[in-house]
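Below are the chains, spelled out letter by letter.
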Amino acid sequence: ENRGWRECVPASAVAAEDGRLFLSVEVREGAVGAENMNIVVRLKGVEDKLSQVRFKVKQSMGLAKLMESYCTRHHLRSDKVTWRWLDPKTHSEKAIGAEQTPSDLGMSGEDLTIVAECKDEEIDIIMKKVAGVTLLEAAEAMEKCGFQPRKAMQMLSSMMQAKAKAEAAKRAEEEPKERGGDKEGEEERAAAAAAEPPPLLK
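Cut-offs applied
Residues numbered from 1 in each chain as written. Predicted model: local features only at pLDDT ≥ 70, side-chain atom pairs only at ≥ 80, totals over all residues. Heavy atoms only, no water. Salt bridge = Lys/Arg side-chain N within 4 Å of Asp/Glu carboxyl O. Helix = DSSP H or I, 4+ residues; strand = E, 2+ residues; numbered from the N terminus. Buried < 20%, exposed > 50% of the residue type's maximum accessible area, 1.4 Å probe, protein only.

**Student:** How should the pattern of salt bridges be read in this particular structure?
**Tutor:** Oppositely charged side chains can form a pair if their charged atoms are brought close together. Here the structure, examined in full by the defined rule, presents 5 salt bridges. Ionic pairing is found between Arg 77 and Asp 120, a salt bridge with its closest N-O pair at 2.8 Å. With Arg 77 in the loop between helix H2 (64-73) and strand S5 (81-87) and Asp 120 in the loop between strand S7 (112-118) and helix H4 (121-129), this pair connects stretches of sequence that are 43 residues apart. Among the salt bridges present, the one from Glu 122 reaches Arg 77, with a minimum N-O distance of 2.8 Å. Taken together, the positions of Glu 122 in helix H4 and Arg 77 in the loop between H2 and S5 put the pair 45 residues apart, joining distant regions of the chain. Its relative accessible area of 30% is what places Glu 122 among the partly exposed residues. One salt-bridge network, held together by shared partners, links Arg 77, Asp 120 and Glu 122.

Worth remembering: the numbers are spatial, not functional.
Printed below as a string of structure tokens:
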């Protein structure tokens, strides 16, 4: 765990008689903060609810663990993902690296957002060739198939066909019920009309 030592700046050095060297350092403000903060990570181009993950991290902790955990959860290859922090103060995006800490980036406050962007050409090809497949589905299929695009596409095609058949079967079951409901309604209206007394002739 990075406890902020990279923020220590040498101030002076004193040599002792026995040859030992004593080094004094200045620690930059916030470099060793232990305060926990909430960071929400979401995937660009994907519905927030499906891709959002909330992490609790220390200000002095490198973001590598957070990035690794997010990629593992969503079956993404870490070398295909770039990361940006949405700075609420300037309303701008800032590129971030795995070795940086929230303290390095000047993060403060609650519910900070990091946006991950997947730039994987193989996943893009799969999404174009297999209609209806989402980025997360393509990424998971790639991982299950040992990152072999052809096998992943075959698996996803079979999955989408099965999904379409299931939806068609469900619609087929619902249609007779709807028609039956309409027929029952017509019969009730006819019975009500028959029960009404005939109009009086003047």
